[in-house]
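Structural characterization, general
Here's the letter readout for the chains.
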Amino acid sequence: MNVSDHAVNAVIADRLARAIAVTGMTPNEFARYSGINEHLYRYLNGSSGLRVPQLLRLCEALDVSPNYLLGWGEDLGAQAPPPPARRTPKFRVDKPPGA
């Protein structure tokens, strides 16, 4: 079975948009939170594919598996992350440790 890059990018874009919506953040807020500012909109509109480091970073920030974003049979259901107010940023720290 041969799947086109466009079809894969469309699945990733759909899954990424769903996962971001579950967080309660806007795409702009999520871009800042995840540290993937410059390419997030390309991923969301399906015009650019993800490389493995970006895929893993997005998965970590969203608390989802790579299988979910790639559309490999998982549904977000049980993986839904908690609301942003309860989340601890994984890529940015506003206060130094012990402050």
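Details of the structure are given in the entry above.
What this report covers is the structure whose coordinates are included nearby.

Each value, and the rule that gives it
Residues numbered from 1 in each chain as written. Predicted model: local features only at pLDDT ≥ 70, side-chain atom pairs only at ≥ 80, totals over all residues. Heavy atoms only, no water. Helix = DSSP H or I, 4+ residues; strand = E, 2+ residues; numbered from the N terminus. Polar contact = N/O pair within 3.5 Å; in protein donor to acceptor, adjacent residues only side chain to side chain. Core = buried A, V, L, I, M, F, W, Y, C linked by side-chain atoms within 4.5 Å. Buried < 20%, exposed > 50% of the residue type's maximum accessible area, 1.4 Å probe, protein only. Phe/Tyr/Trp six-rings, centres within 6.5 Å; stacked < 30°, edge-to-face > 60°. Arc of directions from axis to C-beta. Contact = heavy atoms within 4.5 Å.

**A few points about the side chain of serine 34**
Within the fold, serine 34 resides in helix α2 (residues 27–34). Within the local environment of serine 34, its side chain forms a polar contact with the backbone nitrogen of isoleucine 36, the two atoms lying 3.3 Å apart.

**Topic: unusual backbone geometry**
Although it is not a glycine, aspartate 63 adopts a positive phi angle of roughly 55°. Mapped onto the elements, aspartate 63 comes out in the loop between α4 (52–62) and α5 (66–70).

**Some thoughts on the nonpolar core**
One finds Leu16, Phe30, Leu40, Leu58, Leu62, Val64 and Leu69 to be the most contacted residues of the largest nonpolar core, which totals 20 residues. Put simply, the parts of the chain that give this core at least two residues each are α1 (5–23), α2, α3 (40–44), α4 and α5. Considering every element that reaches this core, the biggest residue donor is α4, with 5 residues.

**Digging into the packing of aromatic side chains**
In total, this model carries 1 aromatic pair according to the counting rule given. Ring centres 6.2 Å apart and planes at 45° place the aromatic pair phenylalanine 30 and tyrosine 33 in the tilted group. Note that phenylalanine 30 and tyrosine 33 are positioned in helix α2 at a spacing of 3 residues, about one turn of the helix. Note on tyrosine 33: relative accessible area 12%, which makes it buried.

**Thoughts on α2**
Residues Phe30, Ala31, Tyr33 and Ser34 constitute the buried set of α2. Along the long axis of α2, the arc covered by the buried residues comes to 165°, so they all point the same way. Summarising the contacts, the buried residues of α2 are in contact with α1, α3 and α4. Where α2 terminates, the next one or two residues include glycine 35, which has phi positive at roughly 80°.

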